[in-house]
Amino acid sequence: MRQLKYHEKKLLRKVDLYSWKNEDNLHVAKIMRKYHLQNREDYTSYRRIVGMVTKLSNKIKTLKPDDSFRIAMTDQLLTKLRDLGIIDTDKSLEKADNLTVSAICRRRLPVIMVRLKMAETLQAAVTWIEQGQVRVGPNVCTDPAFLVTRSMEDYVCWVDQSKIKRTIQKYNDKLDDFDLL
C-alpha cells in the first residue's frame, strides 16, 4: 500500500476503522488490543463458545435440582471448564453462566508466556511463537491462538535450538558446551 499524503492522513485521524454500526465494537477492540488478538474471527469464535456454554448451563438449570442427569452434566461441564483453566472452581453452575471471552483469552499461549515470565509483552510473545521459538510439550507451536490447558501449562518451554533459550542459559551460567554441537 502506498504512503498516505498529508491531507489524507489528516482526514483519517478522526476515523475509527474498527467501528461498525450496531455492534459493541469498542468493547471488541478493547479486548483485541488487551490480549493482542490478530483476527476478529478469533474473538467471534470465542464469543460463540461462551454463548454455547451459557446456553448449555441455562438448559441444565431448567432441569430439577435433584435430577441425576442434571448433577452428572453439571459436574461434567464444570470439570471440563476447570481443566481448561477457564473457571477457577467447579462448585457452582453460576461460574459457567458468567463466563466471558476474556476468560478464554487468558488461556491463549502468549498470555500464558507473559504470566510465566517468558516474555515481557504480549507482542514479543506473539512474535516468538510465530517464529517457532516455543513448544508446548513435544510439539512446536506456531499459532498464537493456541489455548493452553491447565495441565499443559507446565510444559510450555523454549525449543531446544532456540537462540533465546541459549541466551538465557548463558546468562545463568548453565550453558552446556555439548548443546552447541
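Placed above this text is the structure.
The structure reproduced in this document is the subject of the present report. As the structure is a computational prediction, the values presented were derived from the model and not from experiment. For every chain, the first residue of its written sequence is number 1, and the numbers climb from 1 along that sequence. Given that the model is predicted, a residue must reach a pLDDT of at least 70 before its local features are reported, and side-chain atom pairs must reach 80 or more before they are shown or counted; all residues, however, enter totals for whole chains, interfaces and linings. Each side-chain value is derived from all of the structure's non-hydrogen atoms; neither hydrogens nor water enter the calculation.

Re the layout of surface pockets
Which parts of space are left empty comes out when a probe the size of a water molecule is rolled across the atoms. Inclusion rule: Using protein atoms alone on a 1 Å grid, points that fit a 1.4 Å probe yet trap it form a cavity, whereas open point sets bounded by protein on both sides within 12 Å along at least five of seven lines form a pocket; residues with an atom within 4 Å of a point count as lining. Grid points are joined across faces, edges and corners, and a volume is the space filled by probe spheres set on the points. Classes in brief: Ala, Val, Leu, Ile, Met, Phe, Trp, Tyr, Cys and Pro nonpolar; Asp, Glu, Lys and Arg charged; the others, Gly included, polar.
Roughly 180 Å³ of volume is contained in the largest pocket. Around the largest pocket, the lining residues are G85, I86, I87, D88, K95, A103, R106, R107, R115 and R150. Its residues assigned to classes, the lining of the largest pocket shows three nonpolar, one polar and six charged.

A word on the environment of R2
Put simply, the rule reads: Working definition: helices are DSSP H or I runs of at least four residues, strands are E runs of at least two. Numbering for both runs from the N terminus. The definition of a polar contact used here is a pair of N or O atoms within 3.5 Å, where within protein one atom must be able to donate a hydrogen and the other to accept one, and adjacent residues in sequence count solely through side-chain atom pairs.
Considering the arrangement of structural elements, one finds R2 in the segment before helix 1 (6-12). Sequence separation between R2 and V136 is 134 residues; the distance between their C-alpha atoms is 40 Å. A polar atom in the side chain of R2 sits 2.9 Å from the side chain of E8.

Observations regarding the nonpolar core
Using the following cut-off: Each nonpolar core is a collection of buried residues, namely Ala, Val, Leu, Ile, Met, Phe, Trp, Tyr and Cys, held together in the definition by side-chain atoms within 4.5 Å. A simple rule labels every residue: compare its accessible area, found with a 1.4 Å probe on the protein chains alone, to the largest value its type can have, and call it buried under 20%, exposed over 50%, or partly exposed in between. Whether two residues touch is decided by their heavy atoms; if any such pair falls within 4.5 Å, the residues are in contact.
Formed by 25 residues in total, the largest nonpolar core has its most connected members in L37, Y46, L81, I86, A96, L99 and C105. Listed by contribution, the elements that provide at least two residues to this core are helix 2 (25-34), helix 3 (40-62), helix 4 (68-84) and helix 6 (101-105). Considering every element that reaches this core, the biggest residue donor is helix 3, with five residues. Once you skip the residues sitting within four places of it in the chain, C105 turns out to touch I31, Y35, L37, Y46 and V111. Listed in part, the 14 residues of the second largest apolar core include M118, V134, V136 and C141.

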